[in-house]
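# Descriptive structure summary
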There are 2 protein chains.
Amino acid sequence: MELDERKLTILRAIIQNYLETGEPVGSRTISKYTDLNLSSATIRNEMSDLEEMGYIVQPHTSAGRIPTDKGYRLYVDMLMQDKQAEMDNLKLELNAKSEKLDSILKEAAKVIAVNTNYASMITAPRYRKHRIKFLQLTQVDPESLLTVIILDGNIVKNNLVHVEEELTQETLLKLNLMLNTFLQGLDLQEINASVIQKIRNESGGYSSLISEILDVIATSMESEEIEAYTSGSTNIFKYPELNDSEKASGLLNALEEKKELTELMYQEGDSDRGIQVYIGDESPIEATKECSVVTATYHIEEGVYGKIGIIGPRRMDYEKVVVTLKRLMSELDQIFKKDKQ
Amino acid sequence: MELDERKLTILRAIIQNYLETGEPVGSRTISKYTDLNLSSATIRNEMSDLEEMGYIVQPHTSAGRIPTDKGYRLYVDMLMQDKQAEMDNLKLELNAKSEKLDSILKEAAKVIAVNTNYASMITAPRYRKHRIKFLQLTQVDPESLLTVIILDGNIVKNNLVHVEEELTQETLLKLNLMLNTFLQGLDLQEINASVIQKIRNESGGYSSLISEILDVIATSMESEEIEAYTSGSTNIFKYPELNDSEKASGLLNALEEKKELTELMYQEGDSDRGIQVYIGDESPIEATKECSVVTATYHIEEGVYGKIGIIGPRRMDYEKVVVTLKRLMSELDQIFKKDKQ
DNA sequence: TGTTAGCACTCATATTGTTTGAGTGCTAAT
DNA sequence: ATTAGCACTCAAACAATATGAGTGCTAACA
């Protein structure tokens, strides 16, 4: 059987209608909804074909049809290659007051959630390898030493380290210079025993302090857990099909834990720019098998990128979501470019 | 009518039974449950009295009784003055790997949520007035300047500021010295026009940079939004009485927004140590009128404290919650004391 | 040959009625 | 003061019954 133009039109009509209402859609509705001027009976025949081809199903006999994942997939694919969609008239109020990465990210997540009415999650950029750009020790009070580590991409990490005795300005200066000399430009792998040995040799008696500092540096750089921020997780209650305690609880848990979702967003196949859509069962993780996830990538600099994801029901307004995401990505790129110059 | 010993026993039995089951409890149950050796008929009479006094109600005729907020209140008050409760055998695995405040707090929230099966929220310590302990400017790369501000209580804030031209080591040193001289020990109120004027006078040509830096300092210190971490918010789905989308959504929203809950936790009347219990309608904020909130205070140093709150159903296991909180408070105090010495 | 009207059939949902049982309040006896 | 007994109430569970949206099929039509 062939998927001709008319069938496509009908399928699109079914999906669009279902996206709006969330109710199975019947032949009569489509008969009026489209401008094909066909009777419901004809539509019924076509729908029967579409069902046979696996694009739609009846939740039960004598109900209208709803799209299958395959149906959504076709629809989304059409959407994607179709028009590049008018990005105008959509105004995202991303007012990044501070220039600090995390507040920009939080704001971005919020903007997405508010504009789409779905849940959103954004991850801080993942660096292939964190390299040390700069580090500095400062005596804050007689007992504590502040270590500030700046990684490339201007990620700032700081920690307090306890010391037994106050260090003199001079020692501090010397340590700073020494640490920077040996460590600048290195990533975690490169801080190996030989480097450490060299540092030790030069440290002159502060060996236990040095150990502690190196420890702090290591944990800062490891940062196994990618930072992530969520927003609008309660939006999922707006969609009856997700609104039973079983599903809602699972989803919210995933949004709270963040880990699994992060994995999903960093799924293979799109270390590249681009928008990825996971519809229902297509998702590799359990928590979102009942919904759709759309992810996008924003770039900070070569090889340094983060992800943003939108989590909503299968009958998500894909068009709006994609447009909104594209809009935000360009907004973010803008901000980060400005940041660079 | 008087609330004699027997009535109290019965009331306590009713409440305890209801805490366990969540079902209205009838006279026959109590007749067996207590060791008063009274028939159900007698219990019925007493229950009738208790209802008249406002401690219990029937959700509908021909149902058992459930405690009112007033009933819970009495019960909680008895509990509080009663035994100080055995704190042993409750082991909280609070393994604060890092010494950094926020990871300790996150961990604490999690520990509480896991141990109690309710939702938890913890706020970072609120300082009556943030005072500047130390600040430092560092040139990170030719275009950006790192400002590190340490407030008392060792709160570290950092920001990146863009500069047009690289500053010389010398200038930087001068600026650092100057800023520290003028600003150390001051709180936000005290950084007034006259101080700023003095700084400007000394700044020699860097006036726009100085403005920017002072701006950054101000926003860091304002910190209107108290940082807060939540954990276990999906626990609320475990309690049927909160498990309808209306209530759940409201609660989860409050947990996501955090703002309102923070207000609740910093309610008047307990800037002091101590545990506060809000039962249902007693809560001043809308979102928790259908549940109970127990808050506790942890102290970092004189006048510097944060809050932790547990949010659960009205029929919360108050005893366990209070014990767990006390245990955690002492744990936290321990950590922070160690931190000080 | 594609389209449509008409009709029988299906089945989720809503409505109504019925039963069951836990629980109460009252009264009279202990 | 306590208790046994009984009539009464009412939520919840269940069953029976409409209702109606929607389908598939067939026969007529253009």
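Attention in this report is confined to the structure presented alongside it. Values in this document were obtained by computation on a predicted structure and should not be read as measured data.

### Re the protein's contact with DNA strand D
- Residues in close proximity to DNA strand D total 20 residues, the closest being A:Ser27, B:Arg6, B:Thr42, B:Thr61 and B:Ser62.
- Across the atoms of DNA strand D situated within 4 Å of the protein, the share located in sugar and phosphate is 73%.
- Contacts to DNA strand D include A:Arg65, whose side-chain N or O atom sits 3.0 Å from a phosphate oxygen.
- B:Arg44 has a polar side-chain atom sitting 3.4 Å from a base oxygen of DNA strand D.
- Sort the elements by how many residues they give to the surface near DNA strand D and helix H3 (residues 40–53) of chain B lands first, with 4 residues.
- Split into classes, the residues belonging to the surface near DNA strand D amount to 4 nonpolar, 12 polar and 4 charged.

### A closer look at the packing of helix H6 (residues 169–183) of chain A against helix H8 (residues 207–222) of chain A
All names here are of chain A.
- Between H6 and H8, whose axes approach to 13 Å, the crossing angle comes to 50 degrees. As summarised for this structure, H6 and H8 are arranged oblique, according to the angle between their axes. Relative to H8, the crossing made by H6 is right-handed. In this structure, H6 contributes Leu-175, Met-178, Leu-179 and Leu-183 to the contact, and H8 contributes Leu-209, Ile-210, Ile-213, Leu-214 and Ile-217.
- The class makeup of the residues in the contact of H6 with H8 is 9 nonpolar, no polar and no charged.

### Brief notes about the sheet that holds strand E7 (residues 155–162) of chain B
All names here are of chain B.
- Across the sheet, which stays open at both edges, the 3 strands sit in the order E5-E6-E7 with antiparallel pairing between neighbours. The sheet terminates laterally at strand E5 (132–141) and E7, the two strands that pair on one side only. Each adjacent strand pair in this sheet contributes to an overall mean axis angle of 20 degrees, direction not counted.
- Of the strand pairs in this sheet, E5 and strand E6 (residues 144–151) are connected by 8 bridges, and their pairing is antiparallel. The residue bridging Leu-135 from the neighbouring strand is Ile-149, located in E6.
- Helix H6 (residues 169–183) contacts E5 and E6 of the sheet and is inclined by roughly 160 degrees relative to E5.

### Considerations on the protein's contact with DNA strand C
- The environment of DNA strand C is formed by 20 residues, the closest being A:Arg6, A:Thr42, A:Thr61, A:Ser62 and B:Ser27.
- For DNA strand C, the backbone portion of the atoms within 4 Å of the protein, that is sugar and phosphate, comes to 75%.
- Between DNA strand C and B:Arg44 there is a distance of 3.0 Å, counted from a base nitrogen to a side-chain nitrogen or oxygen.
- Of all elements in the fold, only helix H3 (40–52) of chain A together with H3 of chain B reach the threshold of two or more residues within the surface near DNA strand C.
- Considering every element that reaches the surface near DNA strand C, the biggest residue donor is H3(A), with 4 residues.

### Quick look at the packing of helix H1 (residues 5–21) of chain A against H3(A)
All names here are of chain A.
- Contact geometry of H1 with H3 gives a least axis separation of 10 Å together with a crossing angle of 90 degrees. Put simply, H1 runs roughly perpendicular to H3. Counted together, Arg-6, Lys-7, Ile-10, Leu-11 and Ile-14 of H1 and Thr-42, Ile-43, Glu-46, Met-47, Asp-49 and Leu-50 of H3 form the full contact between these two elements.
- Split into classes, the residues belonging to the contact of H1 with H3 amount to 6 nonpolar, 1 polar and 4 charged.

### Here's the deal with the sheet that holds strand E5 (residues 132–141) of chain A
Residue and element names in this part refer to chain A.
- Strand order across the open sheet formed by 3 strands is E5-E6-E7, with antiparallel pairing between neighbours. Two strands bound the open sheet, and with one partner strand each, they are E5 and strand E7 (155–162). The mean angle between the axes of side-by-side strands here comes to 20 degrees, regardless of whether they run parallel or antiparallel.
- The sheet contact formed by strand E6 (residues 144–151) and E7 spans 8 bridges and is antiparallel. By the bridge assignment for E7, Leu-146 is matched with Leu-160.
- Against the sheet, H6 makes contact with E5 and E6, and its axis sits at roughly 160 degrees relative to E5, the strand it touches most.

### Here's the deal with the relation of the copies chain A and chain B
- When chain A is fitted to chain B, the best match, at an RMSD of 0.3 Å, comes from turning it 180 degrees and sliding it 0.0 Å along the axis. Overall, the copies show the geometry of a two-fold rotation axis.
- Here 100% of the contact residues of chain A are again contact residues in chain B; the copies associate through an equivalent surface.

Rules and cut-offs
- Residues numbered from 1 in each chain as written.
- Chains lettered and ligands numbered in written order.
- Predicted model: local features only at pLDDT ≥ 70, side-chain atom pairs only at ≥ 80, totals over all residues.
- Heavy atoms only, no water.
- Near = heavy atom within 4 Å.
- Polar contact = N/O pair within 3.5 Å; in protein donor to acceptor, adjacent residues only side chain to side chain.
- Helix = DSSP H or I, 4+ residues; strand = E, 2+ residues; numbered from the N terminus.
- Nonpolar A, V, L, I, M, F, W, Y, C, P; charged D, E, K, R; others polar.
- Axes fitted to C-alpha atoms, helices over the stretch in contact; angles between N-to-C directions.
- Parallel < 35°, antiparallel > 145°, perpendicular 65-115°, else oblique.
- Left-handed = near helix turned anticlockwise from the far one by under 90°.
- Contact = heavy atoms within 4.5 Å.
- Pairing = 2+ DSSP bridges.
- Least-squares fit on C-alpha atoms with pLDDT ≥ 70 in both.

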